[in-house]
Amino acid sequence: MRRRTPPPPSPLPQRYGVDPVRVRLPAEGAWATVRAYLVERLSGAAPGAVAGMFDAGLIVGADGRAVAPETAYAPGTYVWFHRELPAEVPVPFPLEVVYRDAHIVVADKPHFLATTPRGSHVTETALTRLRRELGIPALGAAHRLDRLTAGLVLFTVRPEERGAYQTLFSHRRVRKEYEAVAPYDPALALPRTVRSRIVKERGVLAAREVEGEPNAVSRVELIEHRTDRATALGRYRLLPATGQTHQLRVHLNTLGVPILGDPLYPVVTGPVPDGDFRRPLQLLARELEFTDPVTGVAHRFRSGRTLAAWSAYGEWSGQ
């Protein structure tokens with residue numbers, strides 16, 4: 001089997017913790033110049049944006065030198081540039097580091113902070129914040145939490161070790177425990193294990209359950225419950241055995257106790273405006289437990305966060 005040649009290292013440094021864009025020119029094509037290809041490739045950019053980047057010397061080759069607009073197209077070569085970063089509302093909550101060694105960083109992520117750059121969330125993500133604050137440009141995420149979910153996230157320090165930690169999650173060698181606040185239903189018999197088949201379609205906000213072989217398994221336990229005025233609340237321990245998108249949110253909704261603050265289940269509501277940090281989803285990645293695949297050390301980490309709807313429901317709900 002022929003080994004793939006790795007791309008050359010980036011000649012550009014990160015900017016605000018964000019990697020530059022790397023583009024490899026296709027092996028086949030009728031473009032006369034690099035500029036012609038990029039104009040077509042980046043057709044969604046603002047008119048004149050690509051030409052402006054060339055004029056400003058912002059598109060560079062592997063040697064770090066600016067690529068001239070008239071540079072002939074050469075299949076298989078690479079160019080790099082920094083994309084224009086969107087304006088983002090800062091997430092006004094701290095990102096706590098609960099553990100750090102030469103191989104991993106474990107962070108306690110707040111609600112509303114994305115794990116990695118995606119869509120309109122680029123600089124305001126846990127990954128880019130940690131790269132800047134810890135001075136580790138090569139930091140990578142071993143897995144992801146939804147932007148609306150708070151709690152523990154594992155990051156890797158050395159790119160060559162990232163695959164080993166990602167394998168822990170893909171091979172289900174990480175014990176994950178979540179906590180949620182949701183309505184309390186005395187008729188719901190718990191604990192129980194929920195099994196279903198969940199499908200998440202690209203471009204559709206909410207996942208759904210369909211007939212077929214289960215691909216999502218969650219154990220649901222009731223930790224405690226209480227009734228305040230007319231509100232009956234439960235605090236739940238959730239132990240996912242699989243990692244489907246929105247799995248825990250879907251399963252609690254299926255049981256008739258949707259997680260408080262969920263904008264997708266049971267009903268998809270309008271998008272929350274940027275800067276509105278009220279009523280966060282009451283879901284927390286409470287614990288991570290695994291044996292380090294590099295050092296062999298047995299780790300168990302626990303989030304120090306609390307869920308506001310349980311500790312101060314009136315304040316969380318705005319009542």
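Refer to the preceding data block for the structure.
Structure report, in brief.

Parameters and conventions
- Residues numbered from 1 in each chain as written.
- Predicted model: local features only at pLDDT ≥ 70, side-chain atom pairs only at ≥ 80, totals over all residues.
- Heavy atoms only, no water.
- Helix = DSSP H or I, 4+ residues; strand = E, 2+ residues; numbered from the N terminus.
- Buried < 20%, exposed > 50% of the residue type's maximum accessible area, 1.4 Å probe, protein only.
- Contact = heavy atoms within 4.5 Å.
- Areas by Shrake-Rupley, 256 points an atom, 1.4 Å probe, with all protein chains shown as cover.
- Lys, Arg positive; Asp, Glu negative; His and termini not counted.
- Charge placed at Lys NZ, Arg CZ, Asp CG, Glu CD.
- Phe/Tyr/Trp six-rings, centres within 6.5 Å; stacked < 30°, edge-to-face > 60°.
- Core = buried A, V, L, I, M, F, W, Y, C linked by side-chain atoms within 4.5 Å.
- Pairing = 2+ DSSP bridges.
- Salt bridge = Lys/Arg side-chain N within 4 Å of Asp/Glu carboxyl O.
- Patch = residues over 30% accessible without salt bridge, like charges linked within 9 Å, V, L, I, M, F, W, Y side chains within 5 Å.

**Observations regarding the overall build of the protein**
The number of helices and strands found in the protein is 7 helices and 13 strands. If one aligns the C-alpha atoms of the protein with their principal axes, the spans along those axes are about 70 × 45 × 40 Å. Burial statistics for the protein: of 319 residues in total, 43% are counted as buried. Counting contacts in the protein only where the partners sit at least 6 residues apart, residues at least 24 apart contribute 63% of the total. For the protein, the accessible surface area stands at approximately 17,200 Å², while carbon and sulfur atoms represent 50% of it. Averaging the locations of the 42 positively and 33 negatively charged side chains of the protein gives two centres separated by 3 Å.

**Regarding the packing of aromatic side chains**
Within the structure shown, the criterion is met by 10 aromatic pairs. Consider the rings of Trp-31 and Tyr-73, whose centres lie 5.4 Å apart with planes at 40°: the pair is tilted. With a gap of 42 residues between them, Trp-31 in the loop between β1 (21–24) and α1 (34–41) and Tyr-73 in the loop between α2 (49–55) and β2 (78–81) connect regions that are remote in the sequence. Judged by centre distance (5.9 Å) and plane angle (40°), the rings of Tyr-313 and Trp-316 are tilted.

**Side note on the nonpolar core**
The biggest cluster of nonpolar side chains holds 34 residues, and the ones touching the most others in it are Leu-139, Phe-155, Leu-238, Leu-252 and Leu-283. Listing elements by their share of this core, those giving two or more residues are β4 (104–109), α3 (126–134), β6 (150–156), β7 (175–183), β11 (231–240), α5 (247–254) and β12 (283–291). Sequence-distant contacts of Leu-283, that is, excluding residues within four places in its chain, are made with His-111, Thr-149, Ala-150, Tyr-178, Glu-179, Ala-180, Leu-238, Leu-248, Arg-249, Ile-259 and Leu-307.

**Digging into the environment of Ala-66**
Looking at the element boundaries, Ala-66 is found in the loop between α2 and β2. Ala-66 sits 58 residues away from Glu-124 along the chain, and the two C-alpha atoms are 29 Å apart. Apart from residues no more than four positions distant in its own chain, Ala-66 is found in contact with Gly-57, Ile-59 and Val-60.

**Quick notes on α5**
Of all 8 residues in α5, 6 are buried, a share of seventy percent or more. Every buried residue belonging to α5 is among Gln-247, Leu-248, Arg-249, Val-250, His-251 and Leu-252, and all of these are buried. Contact partners of the buried residues in α5: β7, β8 (192–199), β9 (208–210), β10 (216–228), β11 and β12. Among the residues trailing α5, Gly-256 stands out with phi positive, at a value near 90°.

**Points about the environment of Leu-190**
Position of Leu-190 relative to the elements: it lies in the loop between β7 and β8. C-alpha of Leu-190 to C-alpha of Val-220: the two residues are 30 residues apart in sequence and 6.9 Å apart in space. Not counting chain neighbours up to four residues away, the residues in contact with Leu-190 comprise Val-220, Leu-222 and Tyr-236.

**Things to note about the pairing of β8**
Across 5 bridges, β8 lies against β10 in antiparallel orientation. Within β10, the position partnered with Arg-192 by the bridge is Val-220. Bridge count for β8 against β9 is 3 bridges, and the pairing is antiparallel. Within β9, the residue paired with Arg-197 across the bridge is Val-210.

**Some points on the pattern of salt bridges**
All chains considered together, the criterion is met by 19 salt bridges. Of the charged contacts, one joins Glu-221 and Arg-237 as a salt bridge, the two residues approaching to 2.8 Å between their closest N and O atoms. Here the residue Glu-221 occupies a position in strand β10, and Arg-237 occupies one in strand β11, the gap between them amounting to 16 residues. Judged by its relative accessible area of 16%, Glu-221 falls in the buried class. Taken together, the salt bridges that share partners define one network made up of Arg-175, Glu-177, Arg-219, Glu-221, Arg-237, Glu-287, Glu-289, Arg-300 and Arg-302.

**Here we look at unusual backbone geometry**
Omega for the peptide link from Leu-190 to Pro-191 comes to 5°, which places this bond in the cis form. Considering the arrangement of structural elements, one finds Pro-191 in the loop between β7 and β8. Residue His-246 is not a glycine yet carries a positive backbone phi of 60°. With respect to the helices and strands, the residue His-246 is situated in the loop between β11 and α5. Residue class for His-246 comes out buried when judged on its relative accessible area of 12%. In this model, Arg-279 sits at a positive phi of 50°, which is unusual for a non-glycine residue. In this fold, Arg-279 is placed in the loop between α5 and β12.

**Quick word on a positive patch on the surface**
Together, Arg-118, Arg-144, Lys-200 and Arg-202 give the surface a local cluster of positive charge. Looking at Arg-118, the relative accessible area reads 56%, which means it is exposed.

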